[in-house]
There are 2 protein chains.
Amino acid sequence: MSVQRPQHAALTQFEVRADSLHIGGIPLARLAQRVGQTPFYVYERKAMTERVALLRRHLPPDVHLHYAMKANPMPAVVQHMAGLVDGIDVASGGELRVALDTTMDPSRISFAGPGKSDAELSCAIAAGIVLNLESEGEMERAAVIGQRLGIQPRVAVRVNPDFELKSSGMKMGGGPKQFGVDAERVPDMLRRIGELELDFEGFHIFSGSQNLKAAAIQEAHEKTFALALRLAEAAPRAPRLLNIGGGFGVPYFPGEERLDLEAVGANLARLLDELRPRLQGAQVVIELGRYLVGEAGAYVCRVVDRKLSRGQVFLVTDGGLHHHLSASGNFGQVIRKNYPVVVGTKVAQGPREQASVVGPLCTPLDLLADQMELGQADVGDLVVVLQSGAYGVTASPAAFLSHPAAVEVLV
Amino acid sequence: MSVQRPQHAALTQFEVRADSLHIGGIPLARLAQRVGQTPFYVYERKAMTERVALLRRHLPPDVHLHYAMKANPMPAVVQHMAGLVDGIDVASGGELRVALDTTMDPSRISFAGPGKSDAELSCAIAAGIVLNLESEGEMERAAVIGQRLGIQPRVAVRVNPDFELKSSGMKMGGGPKQFGVDAERVPDMLRRIGELELDFEGFHIFSGSQNLKAAAIQEAHEKTFALALRLAEAAPRAPRLLNIGGGFGVPYFPGEERLDLEAVGANLARLLDELRPRLQGAQVVIELGRYLVGEAGAYVCRVVDRKLSRGQVFLVTDGGLHHHLSASGNFGQVIRKNYPVVVGTKVAQGPREQASVVGPLCTPLDLLADQMELGQADVGDLVVVLQSGAYGVTASPAAFLSHPAAVEVLV
């Protein structure tokens, strides 16, 4: 009996022709010439457009889809997404500026994040976007700033739920948290929102991210609606907005399977059919970042040196953890696992070997692939890290060891 | 019997007066006014100068001290260090430019790092610095570039030793590695260096970093000298240079104790007394980064919100993992531990409480202190992460969520 090692989920978002990856319809080697340097990140419009279409097919038609741009804030990507989705969620004043440069109606932009500065609150209120309030203190500051500006702030309450999203990559609700206001304190806060005459929009209830288990997301949706309906009773008026978060994951590591979107959508449809009368017309919003762009991007670097050390092959590339910290395993992972990595012009057909892909940094942390089976690569070949459209370049220490920055392109 | 939890090592590099931290002789609140924004990193000249003096006292007088500027490449810091140490080690073309802007003689600058590009090799050869060759392929490329430039490249061989530095934070030698050339292949490489008429400087043997155990460093020194003497037999001429690496650690986490520098120095003196006749005048170099600057720096951020969530206090600051990834625990650590953190103007005397310090990012990873005992802080107070002079701002994902960058100052 042979033991089968866990495999990466099948990835079909990019075409492979003549054993070369094509992204945006362009053969990889030519794309690298067009970009003019390695390393680079490439994001594909078509993959994002198809991903949004997939969601539209499976989610109830009256659910709005927001793009959480923290996953990929490249301005060209945000512009593209703005034409596909119903709203944008921002996490900082910097992101807000990029979102406001799109054609998205400001009333469909929301801003979540603990520790918003007065300057950020002021910009957000002046822009007329929805502030997801993270604390009572932030609420009071927003009211003061609104008065000073002569503009009624539009606010939603970000709730720290009294449950957790199970099997989640990152738990963002349940127990003591820095995010949102504990569910049990929300009724008092809602009364105060009325007193302060803030423009109450609704709730933002977000319990976790990077979840691949449909059952866990379904359970979170049920609990989220129940909590929202309970909290709505104390609201100064019926909520216009109910942001139930996102948390849909994408497969990164061997053994991970795709989220069953059909099951999540069907459950949501059932829940909404049941609850619509009680929601009094509140717009339900799902907010997704990684799920919209994560699979639409790749990181491309070039082999600079091929080394044999004590029986192991090392492909030393011009790319590394300074551009792609997550692929190195040094961003929140407890156990390092390999991202899906391929040699971009030797995907599957030629001779294969076991090799490690490392970067140019003087640290053993700088590892993009640890003893993976890859097409046999030489100096000059392009190595591609797939599933790299989200939390790539911006989540990496670009200045580490003062190497050149990665370029980003959208094709 | 009460159980004593592990404590942080006593930190005395910065003065505390009237319960306020003073850095560079400046009270912290005034320093923050002078900088004009939070968050910022502050590095102290005096602490670096004293650290170099401490090393000079304990190390044999004929050992050279190099600064590995990857630990902190801020140009003002590198300028300061250039006046204190005997050489600078760079890890990229970008770092090389900064090093060449100091008064350091280029012959005392060395460049290590796998995957050097042809452009980097060309700059380094033209500058007349010492290339630490990481592979046979790099040697051949250097020779070709040297011929093209009409300059004889100065080269040392970086050796992947046949032993490991025990108890090391990062193992960089022993077994299959991307760094250097396997010790057993070095004799062949040395012959080829002779054939290629490269200017042979010597060896760079570096086995690990962030080590707090004197015995482990002593053992590595002994093995390093033995290996160097063995390899020197195959060299085209007697080595002029023997870089034995560094690896001296600083205490970060509760329970860690300072390296016994006296023991390391005494052992090195004994070894050198014994080996000097056989070293034929080779200059012994110790290369340190973190140990020179790590304790001389602090990261300072401001409390924006004070939250209570289900019984726990959260201080939400304007600083976070986007500026200080290591303190968040997300840079190579397997188990998250707290860096030494204090409230900068309420260091020890006032009322205390257990609190967590978090940043403004929408991720639970953004944690600077997890339920630590701190002076009771309010909105506007300054939170200080100590031991932050090395691998701070440059080792952090500055663009993550598009928040403002941290400023760096040297006082």
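Residues numbered from 1 in each chain as written. Chains lettered and ligands numbered in written order. Predicted model: local features only at pLDDT ≥ 70, side-chain atom pairs only at ≥ 80, totals over all residues. Heavy atoms only, no water.

Observations concerning unusual backbone geometry
Link 1 in the chain: The step from T38 of chain A to P39 of chain A runs through a cis peptide bond, and the omega angle for that step is -10 degrees.
Link 2 in the chain: Summarising the element assignment, P39 of chain A is placed in the loop between α1 (28–35) and β4 (40–43).
Link 3 in the chain: Unusually for a residue other than glycine, D19 of chain B sits at a positive phi of about 65 degrees.
Link 4 in the chain: The topology assignment puts D19 of chain B in the loop between β1 (15–17) and β2 (20–23). (Helix = DSSP H or I, 4+ residues; strand = E, 2+ residues; numbered from the N terminus.)

Details of the nonpolar core
Link 1 in the chain: The biggest cluster of nonpolar side chains holds 236 residues, and the ones touching the most others in it are F203, F225 and F248 of chain A together with I193, F203, F225 and F248 of chain B.
Link 2 in the chain: Among residues more than four places away in sequence, those in contact with F248 of chain A are L55, N211, I217, H221, L259, L261, V264, I286, L288 and Y291 of chain A. (Core = buried A, V, L, I, M, F, W, Y, C linked by side-chain atoms within 4.5 Å. Buried < 20%, exposed > 50% of the residue type's maximum accessible area, 1.4 Å probe, protein only. Contact = heavy atoms within 4.5 Å.)

A word on the interface of chain B and chain A
Link 1 in the chain: Facing the 70 residues of chain B at the interface are 70 residues of chain A.
Link 2 in the chain: Around 5,200 Å² of area is buried between chain B and chain A when both sides are counted, 59% of it from carbon and sulfur atoms.
Link 3 in the chain: Interface area lost by chain B to chain A is led by Q178, R310 and C362 of chain B, which between them contribute 15%.
Link 4 in the chain: At the junction of chain B with chain A, the criterion picks out two salt bridges. (Buried area = accessible area lost by both parts, 1.4 Å probe. Salt bridge = Lys/Arg side-chain N within 4 Å of Asp/Glu carboxyl O.)

Remarks on the sheet that holds β1 of chain B
The pairing of strands in a sheet comes from backbone hydrogen bonds and takes either a parallel or an antiparallel form.
All names here are of chain B.
Link 1 in the chain: Taking strand neighbours across the sheet as the criterion, the three strands line up as β1-β2-β3 in an open arrangement whose pairing is antiparallel. The two strands at the open ends of the sheet, each matched to only one other strand, are β1 and β3 (26–27).
Link 2 in the chain: Where β2 and β3 come together, two bridges link them in antiparallel fashion. Bridge pairing in β3 places I23 opposite I26. (Pairing = 2+ DSSP bridges.)

Remarks on the packing of helix α5 (residues 118–127) of chain B against helix α6 (residues 136–149) of chain B
All names here are of chain B.
Link 1 in the chain: In the contact formed by α5 and α6, the axes pass within 10 Å of each other and the chain directions differ by 55 degrees. By the angle between their axes, α5 is oblique relative to α6. The handedness of the crossing between α5 and α6 is right-handed. From α5, D118, L121, S122, I125 and A126 reach across to α6, where they touch E138, R141, A142, I145, G146 and L149.
Link 2 in the chain: The residue makeup of the contact of α5 with α6, split by class, is six nonpolar, two polar and three charged. (Axes fitted to C-alpha atoms, helices over the stretch in contact; angles between N-to-C directions. Parallel < 35°, antiparallel > 145°, perpendicular 65-115°, else oblique. Left-handed = near helix turned anticlockwise from the far one by under 90°. Nonpolar A, V, L, I, M, F, W, Y, C, P; charged D, E, K, R; others polar.)

Describing the pairing of β4 of chain A
Residue and element names in this part refer to chain A.
Link 1 in the chain: Side chains F40 and V42 project from β4 onto one buried face, and the interleaved Y41 and Y43 project onto a second face that is buried too.
Link 2 in the chain: Summarising the sheet, β4 and strand β22 (residues 407–410) pair through four bridges and their orientation is parallel. Residue pairing across strands places F40 opposite V407, the latter belonging to β22.
Link 3 in the chain: Where β4 meets strand β16 (residues 297–309), four bridges bridge the pair, whose relative direction is antiparallel.

Digging into the pattern of salt bridges
Link 1 in the chain: Under the defined criterion, the tally for this structure stands at 56 salt bridges over all chains.
Link 2 in the chain: The residue D62 of chain A makes a salt bridge to R276 of chain A at a minimum N-O spacing of 2.8 Å. Taken together, the positions of D62 of chain A in the loop between α2 (45–58) and β5 (64–68) and R276 of chain A in helix α9 (residues 261–279) put the pair 214 residues apart, joining distant regions of the chain.
Link 3 in the chain: Across the pair E295 of chain B and R51 of chain B runs a salt bridge whose closest N-O atoms are separated by 3.0 Å. Taken together, the residues E295 of chain B in the loop between α10 (290–293) and β16 (297–309) and R51 of chain B in helix α2 (residues 45–58) connect sequence positions 244 residues apart.

Observations regarding the confidence of the model for chain A
Link 1 in the chain: In this model, chain A carries a mean pLDDT of 95, and residues with pLDDT of at least 70 account for 99%.
Link 2 in the chain: The ipTM, which scores confidence in the relative placement of chains, is 0.93 for this predicted complex, and the corresponding pTM is 0.95. (pLDDT = per-residue confidence, 0-100.)

What to know about the sheet that holds strand β1 (residues 15–17) of chain A
Link 1 in the chain: In space, the three strands of this open sheet follow the order β1-β2-β3 (chain A), with antiparallel pairing throughout. Looking at strand neighbours, the two that pair on one side only are β1 and β3 (26–27) of chain A, the edges of this open sheet.

Here's the deal with the relation of the copies chain B and chain A
Link 1 in the chain: Superposition record for chain B on chain A: RMSD 0.0 Å, screw rotation 180 degrees, translation along axis 0.0 Å. Within this description, the copies of the chain are treated as partners about a two-fold rotation axis. Within chain B, the C-alpha atom positioned nearest to the axis of rotation is that of P397 of chain B, 2.0 Å from it.
Link 2 in the chain: Most of the interface of chain B is mirrored in chain A: 100% of its interface residues are interface residues there too. (Least-squares fit on C-alpha atoms with pLDDT ≥ 70 in both.)

Observations concerning the state of the cysteines
Link 1 in the chain: The full count for this structure, using the stated rule, is zero disulfides over all chains.
Link 2 in the chain: Unpaired in terms of disulfides, C301 of chain A finds its nearest cysteine sulfur in C362 of chain A, a separation of 17 Å.
Link 3 in the chain: Look at C301 of chain A and you get buried, because its relative accessible area is 0%.
Link 4 in the chain: With no disulfide of its own, C362 of chain B has C123 of chain A as its nearest cysteine by sulfur position, at a separation of 17 Å. (Disulfide = S-S within 2.5 Å.)

Things to note about the packing of helix α8 (residues 214–232) of chain A against α9 of chain A
Residues and elements named next belong to chain A.
Link 1 in the chain: Orientation of α8 relative to α9, taken along the N-to-C sense of each, is 10 degrees, at an axis distance of 9 Å. Relative to α9, the element α8 lies roughly parallel. Counting all contacts with α8, which are made through A214, I217, Q218, H221, E222, F225 and L229, the residues of α9 involved are A263, V264, N267, L268, R270, L271, L272, L275, R278 and L279.
Link 2 in the chain: Residues that form the contact of α8 with α9 fall into these classes: eleven nonpolar, three polar and three charged.

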